[in-house]
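# Working through the structure, step by step
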Amino acid sequence: MRVLGIETSCDETAASVVDATGVLSDVVYTQTVHEQYLGVVPELASRAHAEKITAVVRAALDQAGVETPDAVCATSGPGLIGAVLVGLSFGKSLAAGWGVPFVGVNHLEGHLLSPLLESSQPAFPFLGLVVSGGHTTLYRADALGDYTTLATTVDDAAGEAYDKVARVLGLGYPGGPVIDRLAQDGDPKAIRFPRPKAQGLDWSFSGLKTAVRNHAHKNPDTRPEDLAASFQAAVVDVLIDRAVRGAKKTGIRTLALSGGVAANSELRARISACPELDVYLPARSRCTDNGAMIANAGRLRLVAGQRDELDVSARPGWSLDTLPIPGAP
Ligand code: KG4
Ligand code: ZN
């Protein structure tokens, strides 16, 4: 079954075709209009998606050598509602025109299952650590669609902390890749930033962001490389700490890491070396938003028998704990 997946929930217009053998095409257009505002402007994102969607989907079909796919999937939430609506409406129209099945995909499930696109894949049950610009959540994944939240952030997401720290340091947007690069020439022990604790397994990142800002203001001569490396060390420490505690609590040591922050070189290296965990990672290019992860999650649901009506609506706050479980009564 060749499945077209469409993703437009934030600032990437993306489309991909996958089948049982893997990814046949993967086209991602990252919107640049937001850079001057140091963050995503929702209305500009919707307009840019509407401008690019036809060309991006056309390119994904052409690169896969597919004229008419066997099914279409599109992100239907969570995300910016105007942005989600562009890809969702486009995908539903294509499915109606071609007369093929349609499935609306949860963006977080796309991330969570993205390690399944690799040759070495985690098997259920596993822990899923989704670390992106909008979410930082540890899930217990028992089966397709059967997910339980074990820990989440009480304030900022980890990617959001990267973006805010980059803004404070005048490094532009998005902050993750630039801090990742700077940190490679910095000393992670130069400044001991707090390792923020919240209730139970939860995270809190807003205090860390404030600590970095205060340090930078009081000590303007600190090397940006050292600030970046010390901030990153604190983020990676708390992400790994909760993952290990989650593994101890559940007795599940298989961990699938995903989301934009999973592209971080320090996090990838340190979590992979963690003796308490068996870690599965998506390719770096499949950590940030892409169409292949949506096509993959949608394909697994189609294979399990799911078909959505074409009146499926955009769900900007759609949580992973309330997903349909294919085949469940
Ligand atoms: O998953 P994603 O593309 O979008 C959301 O669903 O939010 O994640 C984007 C986030 C941004 O906050 C960006 O700064 C962060 O991922 N990011 C990184 C890296 N690459 C992207 N954070 C740390 N290190 C990176 N290399
Ligand atoms: Zn995402």
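Residues numbered from 1 in each chain as written. Chains lettered and ligands numbered in written order. Predicted model: local features only at pLDDT ≥ 70, side-chain atom pairs only at ≥ 80, totals over all residues. Heavy atoms only, no water.

## Quick notes on the coordination of the zinc ion (ligand 2)
The condition that has to hold: Metal sites are built from N, O and S donor atoms within 2.8 Å, or 3.2 Å for Na, K and Ca, and they leave out water, so they may look incomplete. A site with four donors is called tetrahedral when every donor-metal-donor angle falls between 85 and 135 degrees; four donors are called square planar, and six octahedral, when opposite donors sit more than 155 degrees apart and all other angles fall between 65 and 115; any other arrangement is irregular. Only DSSP runs of H or I covering at least 4 residues are called helices, and only runs of E covering at least 2 are called strands; the numbering of each starts at the N terminus. Only protein chains enter the calculation, and the probe is 1.4 Å; a residue is then buried if its accessible area is under 20% of its type maximum, exposed if over 50%, and partly exposed in between.
Those protein atoms acting as donors to the zinc ion (ligand 2) are His107 (NE2), His111 (NE2) and Asp289 (OD), and they sit at 2.0 to 2.1 Å. Coordination geometry of the zinc ion (ligand 2): the four donor atoms subtend angles of 95 to 135 degrees at the metal centre, consistent with an arrangement described as irregular. Each donor residue of the zinc ion (ligand 2) lies on the same chain, and together they follow the pattern H-x3-H-x177-D. With His107 and His111 both in helix α3 (residues 107–112) and four residues apart, the pair spans about one turn of that helix. Accessibility expressed as a relative area gives 7% for His107, which makes it buried. Taking the relative accessible area as the measure of exposure, His111 reaches 1% and is therefore buried.

## Some points on the domain arrangement of the chain
Applicable threshold: Delimitation of the domains relies on an automatic or database domain assignment. Throughout, a contact is declared for two residues whenever any of their heavy atoms are within 4.5 Å. Accessible area that two parts lose when put together, with a 1.4 Å probe and added across both, is what the buried area reports. The salt bridge definition used is simple: a Lys or Arg side-chain nitrogen within 4 Å of an Asp or Glu carboxyl oxygen. Each residue gets one of three labels, nonpolar for Ala, Val, Leu, Ile, Met, Phe, Trp, Tyr, Cys and Pro, charged for Asp, Glu, Lys and Arg, and polar for the others, Gly among them.
The assigned domain composition of the chain is domain 1 (3–113 + 287–322) and domain 2 (121–281). Here the C-alpha centre of domain 2 lies 26 Å away from the C-alpha centre of domain 1. Taken together, the contacts link 18 residues of domain 1 with 22 residues of domain 2. Taken over both partners, the interface formed by domain 1 and domain 2 buries close to 1700 Å², and the fraction arising from carbon and sulfur atoms is 69%. It is Leu38, Leu112 and Cys287 in domain 1 that bury the most area against domain 2; as a group they hold 37% of the surface buried on that side. For the pair domain 1 and domain 2, the interface holds zero salt bridges. Breaking the side of domain 1 that touches domain 2 down by element, the ones donating at least two residues are α3 and α9 (291–303). If one sorts the elements of the side of domain 1 that touches domain 2 by residue count, α3 sits on top with four residues. When grouped by side-chain class, the residues that make up the side of domain 1 that touches domain 2 number 10 nonpolar, three polar and five charged.

## A closer look at the site of ligand 1
The condition is simple: Here, proximity means that at least one heavy atom of the residue falls within 4 Å of the molecule or strand. Side-chain atoms alone can form a polar contact between residues adjacent in sequence; in general such a contact is a pair of N or O atoms within 3.5 Å, and within protein one must be able to donate a hydrogen while the other accepts it. Accessible areas in this description were obtained via Shrake-Rupley with a 1.4 Å probe; residue shielding takes into account the shown protein chains only.
Close to ligand 1 lie 20 residues, the nearest being Gly133, Asp163, Gly176, Asp180 and Asp289. The contact in question runs from an oxygen atom of ligand 1 to an N or O atom on the side chain of Ser132, over 3.5 Å. Within the complex, the protein chains bury 90% of what would otherwise be the 560 Å² of accessible surface of ligand 1. At the level of elements, α3, α4 (158–168) and α5 (175–183) are the ones that each hand at least two residues to the shell around ligand 1.

## Examining the packing of aromatic side chains
Selection criterion: In this scheme Phe, Tyr and Trp rings, the latter by its six-membered ring, pair at centre separations within 6.5 Å, and the angle between planes marks the pair as stacked below 30 degrees, edge-to-face above 60, and tilted otherwise.
Here the structure, examined in full by the defined rule, presents two aromatic pairs. Taking 5.0 Å as the distance between ring centres and 15 degrees as the angle between the ring planes, the aromatic pair formed by Phe124 and Phe126 counts as stacked. Relative to Phe231, the ring of Tyr162 has its centre 5.0 Å away and its plane inclined at 75 degrees; by these criteria the two rings are edge-to-face. Linking Tyr162 in helix α4 with Phe231 in helix α7 (residues 224–250), this pair joins segments that are 69 residues apart in sequence.

## So, the pairing of strand β7 (residues 136–143)
As a reminder of what qualifies: Only strands that DSSP links by at least two bridges are regarded as paired with each other.
In the sheet, strand β6 (residues 126–131) pairs with β7 via six bridges, with the strands oriented antiparallel. What sits directly across from Phe126, in β7, is Ala141. From the end of β6 to the start of β7, which pair antiparallel, there are four residues. Between β7 and strand β8 (residues 146–152), which pair antiparallel one after the other, the connecting turn spans two residues, and Gly145 there sits at a positive phi close to 90 degrees.

## Here's the deal with the side chain of Ser46
With respect to the secondary-structure elements, Ser46 resides in helix α1 (residues 42–64). Of the residues examined, Ser46 reaches a relative accessible area of 11% and is grouped as buried. In contact with Ser46, other than residues within four places in its own chain, are Gly82, Ala83 and Val86.

## Re α1
Operational definition: Working rule for helices: expected span equals 1.5 Å times residues minus one. The bend reported for a residue corresponds to the angle between axes fitted to the seven residues ending at that residue and the seven starting there.
Spanning 23 residues, α1 covers 31 Å between terminal C-alpha atoms, matching the ideal 33 Å at 1.5 Å per step. By the largest-angle criterion, Lys52 marks the main kink of α1, which is about 45 degrees. Taken together, the buried positions of α1 are Ala45, Ser46, Ala48, His49, Ile53, Val56, Val57, Ala60, Leu61 and Ala64. As for α1, its buried residues are in contact with β1 (3–7), β2 (12–19), β3 (22–30) and α2 (81–98). After α1 finishes, the residue Gly65 shows a positive phi value of roughly 70 degrees.

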